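The primary structure of each chain is shown beneath.
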Amino acid sequence: MQLHSKLPNVGTTIFTTMSALAREHNAINLSQGFPDFDCAPKLRELSNYYIHQGFNQYAPMPGTVQLRERVAEIISQSYHANYNAETEITITAGATQGIYTALAALVRNGDEVIVFEPCYDCYVPAIEANGGTPIFSKLNFPGFSIDWEDVRKKITPKTKAIIINSPHNPSGTIISANDIKELEKIVSEKNIVVISDEVYEHMVFDGLQHESVSKNSILKNQSIIVSSFGKTVHTTGWKIGYVAAPKELMTEFRKVHQFLVFCVNHPLQLALADFLSDKNNYTELKHFYQSKRDYFLKLTQGSRLIPFKTSGTYFQLMSYKNMSDEADTDLAIRLTKEKKLATVPLSVFYHQKTDNKLLRFCFAKKNETLEKAAEIICKL
Ligand code: PMP
Ligand code: GLN
């Protein structure tokens, strides 16, 4: 049989590759973004409770009412934006499915979708699998801010959507209120949908604010917001997230959602809805991760790696330009094999593999893991 691949350039993701290499070489894994500590015992108890209560059949297609109402409440409390839980919020199998579904619902052959580089890995394949063309706009270096002039030049009659991501993986930067204004100027009164990946919405540090597109009434009306409970409550393995969008967009989203997954894990949705009734379970997250970031920076102070500024997410970029001129992918592999420390090289987030001599470290780890990693880093 002759297969004509829809995604000829796609291999195995860097996260899978580096985590496998870390396991193989018994290395400390600061590569793939996931906590090496467990979620709250209360959340585990609630999930047991709902499984034992027999909520083990299909959930409603858009998600349980309890969790959709909880999401509407959290968005309203966090950003003073109102979404109708019945028609404007859908619970998804993680943010990945939310993003894929949004693109599958919107993109037709020949449509263009603007993405910013460095770019999280699931956007481009989802655009291409649906017949679209990714149009790349590079974030400025070294600040990783958006070059709005470049974006303006790249808008064409074929532009169907722009994918933004703040807090940003992999750089750890966040967009500002001014970026939101620029985005508004560009998309308002045009048929361009903003897909806003806000999975790290509750991890913004140093007293800064998360600029959700839901806070801007014009953008809210033409945006699909995607988020993930995996990040917020330390359950990346549950693969549950949500999407919020105005009714017209959500109606189209659900047409695809119902045939892609139909619905997602029922008892865990009920557990999440209960657990998140306590606001502290999401409002405290920024303090928790800010201390992890600060601890990691303190431990690695004086090493030959130069840290970049992380304002959000659980990722820390470090430049190794004072240490080596090796390609970042070679260095990441060598550090894993020889020094027993796994990281992610930044060039993999660029379609032309731009190598700025940067590695990404995930600090969502126990303090003892960070201490062991720092010991290795300080000897490099
Ligand atoms: N977007 C970004 C920016 C991410 O970092 C991640 C994952 N870690 C996702 C989407 C996917 O989230 P999920 O695991 O809920 O599918
Ligand atoms: N988002 C995680 C990261 O950036 C990885 C998730 C995955 O492995 N797909 O590391």
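For the structure, see preceding data.
Attention in this report is confined to the structure presented alongside it. Everything numeric in this text was worked out from a predicted model, so none of it was measured.

Criteria and cut-off values
- Residues numbered from 1 in each chain as written.
- Chains lettered and ligands numbered in written order.
- Predicted model: local features only at pLDDT ≥ 70, side-chain atom pairs only at ≥ 80, totals over all residues.
- Heavy atoms only, no water.
- Helix = DSSP H or I, 4+ residues; strand = E, 2+ residues; numbered from the N terminus.
- Rg over C-alpha atoms; globule rule 2.2 N^0.38 Å.
- Buried < 20%, exposed > 50% of the residue type's maximum accessible area, 1.4 Å probe, protein only.
- Contact = heavy atoms within 4.5 Å.
- Areas by Shrake-Rupley, 256 points an atom, 1.4 Å probe, with all protein chains shown as cover.
- Near = heavy atom within 4 Å.
- Polar contact = N/O pair within 3.5 Å; in protein donor to acceptor, adjacent residues only side chain to side chain.
- 1 Å grid on protein atoms, 1.4 Å probe; cavity = no way out; pocket = protein on both sides within 12 Å on 5 of 7 lines; lining within 4 Å.
- Sits in = over half its atoms within 2 Å of the grid points.
- Nonpolar A, V, L, I, M, F, W, Y, C, P; charged D, E, K, R; others polar.
- Disulfide = S-S within 2.5 Å.
- Points joined across faces, edges and corners; volume = space filled by probe spheres on them.
- Expected span 1.5 Å × (residues − 1).
- Arc of directions from axis to C-beta.
- Pairing = 2+ DSSP bridges.

A count of helices and strands for the protein chain gives 15 helices and 13 strands. Against the compact-globule benchmark of 21 Å for 380 residues, the protein chain has a radius of gyration of 20 Å, which places it among compact chains. Each of the 380 residues in the protein chain was classed as buried or not, and the buried ones make up 57%. Considering only intrachain contacts with a sequence separation of at least 6, the fraction spanning at least 24 residues in the protein chain is 74%. Roughly 16,800 Å² of accessible area belongs to the protein chain as shown, and the carbon and sulfur atoms make up 50% of that amount.

Residues in close proximity to ligand 1 include Gly 94, Ala 95, Thr 96, Tyr 120, Asn 165, Asn 169, Asp 197, Val 199, Tyr 200, Ser 228, Lys 231 and Lys 239, which together make up its full environment. Side-chain polar atom of Asp 197 to a nitrogen atom of ligand 1: 2.6 Å apart, as the coordinates give it. Within the contact set of ligand 1, an oxygen atom lies 2.6 Å away from a side-chain nitrogen or oxygen of Tyr 200. Put simply, ligand 1 lies in the second largest pocket. A per-class count over the shell around ligand 1 returns four nonpolar, five polar and three charged.

Once that is clear, we can look at the state of the cysteines. Disulfide: a covalent bond connecting the sulfur atoms of a pair of cysteines. Tallied over the full model, the rule gives zero disulfides. Here Cys 119 is not cross-linked by a disulfide; its sulfur's nearest cysteine counterpart is in Cys 122, at 8.3 Å. Residue class for Cys 122 comes out buried when judged on its relative accessible area of 16%.

A word on the layout of surface pockets. Looking at the largest pocket, its volume works out to about 710 Å³. Lining the largest pocket are 24 residues, and of these Asn 9, Val 10, Asp 121, Val 348 and Lys 353 sit closest to its centre. Secondary-structure elements contributing two or more residues to the lining of the largest pocket are helix H1 (14-24) and helix H5 (123-129). Ranked by residues supplied to the lining of the largest pocket, first place goes to H5 with three residues. The wall of the second largest pocket is formed by 27 residues, among which Gly 33, Thr 96, Tyr 120, Lys 231 and Lys 239 lie closest to the centre. For the lining of the second largest pocket, the elements supplying multiple residues, two or more each, are H1, helix H4 (94-106) and helix H9 (229-232). Counting residues per element, the lining of the second largest pocket draws most heavily on H4, at four residues. When its residues are assigned to classes, the lining of the second largest pocket shows eleven nonpolar, eleven polar and five charged.

Where helix H7 (residues 177-187) is concerned, the buried positions are Asp 179, Ile 180, Glu 182, Leu 183, Glu 184, Ile 186 and Val 187. Buried residues along H7 sit against helix H6 (148-154), strand S5 (159-165), strand S6 (193-197) and helix H8 (217-221). Just beyond H7, the residue with positive phi is Glu 189, at close to 65°.

Near ligand 2, the surroundings consist of Phe 15, Gln 32, Gly 33, Tyr 120, Asn 169, Lys 231, Phe 315 and Arg 360. Note that an oxygen atom of ligand 2 is positioned 2.7 Å from one of the side-chain N or O atoms of Gln 32. Contacts to ligand 2 include Asn 169, whose side-chain N or O atom sits 2.8 Å from an oxygen atom. Across the complex, the protein chains shield 80% of the 300 Å² of accessible surface that ligand 2 would expose by itself. The cavity that encloses ligand 2 is the second largest pocket. Here the residues of the shell around ligand 2 are counted per class, giving three nonpolar, three polar and two charged.

Moving on, we come to helix H15 (residues 367-378). For an α-helix, 3.6 residues make a turn, and residues three or four places apart therefore share a direction. Between its first and last C-alpha, H15 extends 16 Å over twelve residues, near the 16 Å set by a 1.5 Å rise per residue. Within H15, burial applies to Thr 369, Leu 370, Ala 373, Ala 374, Ile 376 and Ile 377. Each buried residue of H15 lies within a common arc of 160° when the element is viewed along its axis, so the set occupies one face. On its buried face, H15 sits against strand S1 (28-29), helix H13 (285-300), helix H14 (328-339), strand S11 (341-342) and strand S13 (358-362).

With that settled, the discussion passes to the pairing of strand S10 (residues 315-319). Across the five residues of S10, five count as buried, placing the element largely inside the fold. With burial as the criterion, each face of S10 is covered, one bearing Phe 315, Leu 317 and Ser 319 and the other bearing Gln 316 and Met 318. Relative to S10, strand S9 (residues 306-307) is paired through two bridges, and the arrangement is antiparallel. Note that in S10 the partner of Ile 306 across the bridge is Ser 319. Bridge count between S10 and S13: five bridges; the pairing is antiparallel. Paired with Met 318 across the strands is Leu 359, a residue of S13.

Further remarks concern the environment of Val 115. Along the chain, the position of Val 115 falls in strand S3 (residues 112-117). On the accessibility criterion, Val 115 (0% relative accessible area) is buried. In this structure the C-alpha to C-alpha distance between Val 115 and Gly 237, which are 122 residues apart in sequence, comes to 26 Å. Ignoring any residue separated from it by four or fewer positions in sequence, one finds Val 115 in contact with Tyr 123, Val 124, Ile 127, Ile 135, Phe 136, Ser 137 and Ile 163.

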